[in-house]
Amino acid sequence: MVGLERAVLPLLGESEFGLGSRTAILAFVASFGATKALANLAAGALADRAGRRPVLLWGWLIGLLVPVIVIAAPTWGWIVFANALLGVNQGLCWSTTVIMKVDLVGPARRGLALGVNEFAGYIAVGLAAFVGAQVAATTSLRPEPFALGAIVAAIGALLSLLTRDTAPHVRVETIEVGATAPTTFRDLFADVSWRRPALFSASQAGLANNLNDGVAWGLLPLFFMDGGLGLHEVGILAAVYPGVWGLGQIASGALSDKIGRRPLIATGMVMQACALAALVPFAGFGPWVVAMITLGLGTAFVYPTLLAVIADVVHPSHRATATGIYRFWRDAGYVAGALLAGAIADRLGARWAIEAVAALTLASAIIVLLRLPETHRTVRRIA
């Protein structure tokens, strides 16, 4: 659904629902980000208490509703509501799959495992963006592209019934690592959000990453159309970015296990900033393809590596809750990106909005360089 929406939904808001305001169009990204951020918090805490599998299954039950509502929506408000439900689905399901992957592997292969998990998700996003745009171009913006979403949602729910809970693996790892003092949710929230430099650095970088991803999702398709491209070309650009992001994460996750987390995160954030900044002065399909490839590669460096930082630092017994808190801040970036980019685009134009987000991404990279220590134990030992 996220892939289908990247190519189709902003155009649907403009053409079928008659929305002229970029802030109004980007409301669907904001609703998605807000509920996903809160669902991440709930998913982490619930997974530590009730187990991983029940959270996963509840997320899929909610996700089944999303494509049906998008297809039948009589007003844009229903689209925004559907994306709020999509945020809950993503927060519960994707948080749980991330946590389960980390449960199943040891610290030496944590980056690789998270790279594989994120690869699977974002390759699907890229393929869906491309296919959805082509279907929309040959049929209509609704309902045909989102019928694919309904089929995939049903398959995802059925496959999730086959999973087994990974909580027993956590108990084994806890015995190996040793017990830790009990901590409250409030203390853990403070640790992840601002108190511990490594966790703070990861949280702010995650927020900046999804701030610029929200702009790529909700504003760039309109920016490309205004630049003279057709729906087929917009679909290619919408697919290239998450496709490169997805493919690159297998290598970047494994590489972070070899050279450490910090170099990849800092480099990736700088690449994102440069790619976004280049979209405005270098117009046209060819330059935009290069920029979106660079944006995807930079995000591939950052995305699984930030998750690995959280798992490196936090005790196994608190892992799910801490991951949920980090993902809360990361996905709050969708809300910040939608509101900021929409407001700037309505007042000054999309070009200014894109450049402002590029500047914020660069500022986040500087914070990483100044505050983030290396967290991977093997690399620290070698150093």
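Attention here is on the structure that accompanies the text.

Thresholds, definitions, all that
- Every residue gets a number counted from 1 within its own chain, in the order that chain's sequence is written.
- Predicted model: local features are reported for residues with pLDDT of at least 70 only, side-chain atom pairs are reported and counted for 80 or more only, and whole-chain, interface and lining totals are derived from all residues.
- Side-chain calculation: all heavy atoms of the structure are included, whereas hydrogens and water are not.
- Each salt bridge in this description consists of a side-chain nitrogen of Lys or Arg and a carboxyl oxygen of Asp or Glu lying within 4 Å of one another.
- The helix count covers DSSP runs of H or I at least four residues long, the strand count covers runs of E at least two residues long, and both are numbered beginning at the N terminus.
- Categorising residues by exposure relies on relative accessible area from a 1.4 Å probe, with only protein chains included: less than 20% of the type maximum marks a residue as buried, more than 50% marks it as exposed, and the intermediate range marks it as partly exposed.
- Should any heavy atoms of two residues lie within 4.5 Å, those residues are considered in contact.
- A pocket, in this scheme, is an open set of points on a 1 Å grid over the protein atoms alone with protein on both sides within 12 Å along at least 5 of 7 lines, while a cavity is a set where a 1.4 Å probe fits but cannot get out; residues line either one if an atom lies within 4 Å of a point.
- Grid points are joined across faces, edges and corners, and a volume is the space filled by probe spheres set on the points.
- Note that Gly is not counted as nonpolar here; it falls among the polar residues with everything else outside the nonpolar set of Ala, Val, Leu, Ile, Met, Phe, Trp, Tyr, Cys and Pro and the charged set of Asp, Glu, Lys and Arg.

1. Overview of the pattern of salt bridges
And then number 1: By the definition in use, this model includes 16 salt bridges.
And then number 2: Among the ionic pairs, Asp48 bridges to Arg52, the shortest N-O distance being 3.4 Å.
And then number 3: Through salt bridges that share partners, Asp48, Arg52, Asp103, Arg110, Glu173, Asp257, Arg261, Asp312 and Arg319 make up one connected network.

2. Some points on the environment of Gly51
And then number 1: Mapped onto the fold, Gly51 is located in the loop between α3 (27-50) and α4 (52-63).
And then number 2: Of the residues examined, Gly51 reaches a relative accessible area of 8% and is grouped as buried.
And then number 3: C-alpha separation for the pair Gly51 and His169, spaced 118 residues apart in sequence, amounts to 11 Å.
And then number 4: Leave out the neighbours within four places in its chain, and Gly51 touches Leu46 and Asp165.

3. Regarding empty space enclosed by the protein
And then number 1: The full count for this structure, using the stated rule, is 3 cavities of 30 Å³ or more.
And then number 2: In this model, the largest cavity occupies a volume close to 70 Å³.
And then number 3: Along its surface, the largest cavity is lined by Arg6, Ala216, Leu220, Pro221, Phe224, Val234, Leu237, Ala238, Tyr241 and Met292.
And then number 4: Elements supplying a minimum of two residues to the lining of the largest cavity: α12 (220-226) and α13 (231-259).
And then number 5: It is α13 that contributes the most residues to the lining of the largest cavity, 4 residues altogether.
And then number 6: Taken together, the residues of the lining of the largest cavity break down into 9 nonpolar, no polar and 1 charged.
And then number 7: If you add up the space inside the second largest cavity, you get close to 40 Å³.
And then number 8: Val2, Arg6, Phe32, Lys36, Gln90, Trp94, Tyr122 and Tyr334 together form the lining of the second largest cavity.
And then number 9: Classifying every residue of the lining of the second largest cavity gives 5 nonpolar, 1 polar and 2 charged.

Take it as geometry only, folks, not as evidence of what the structure does.
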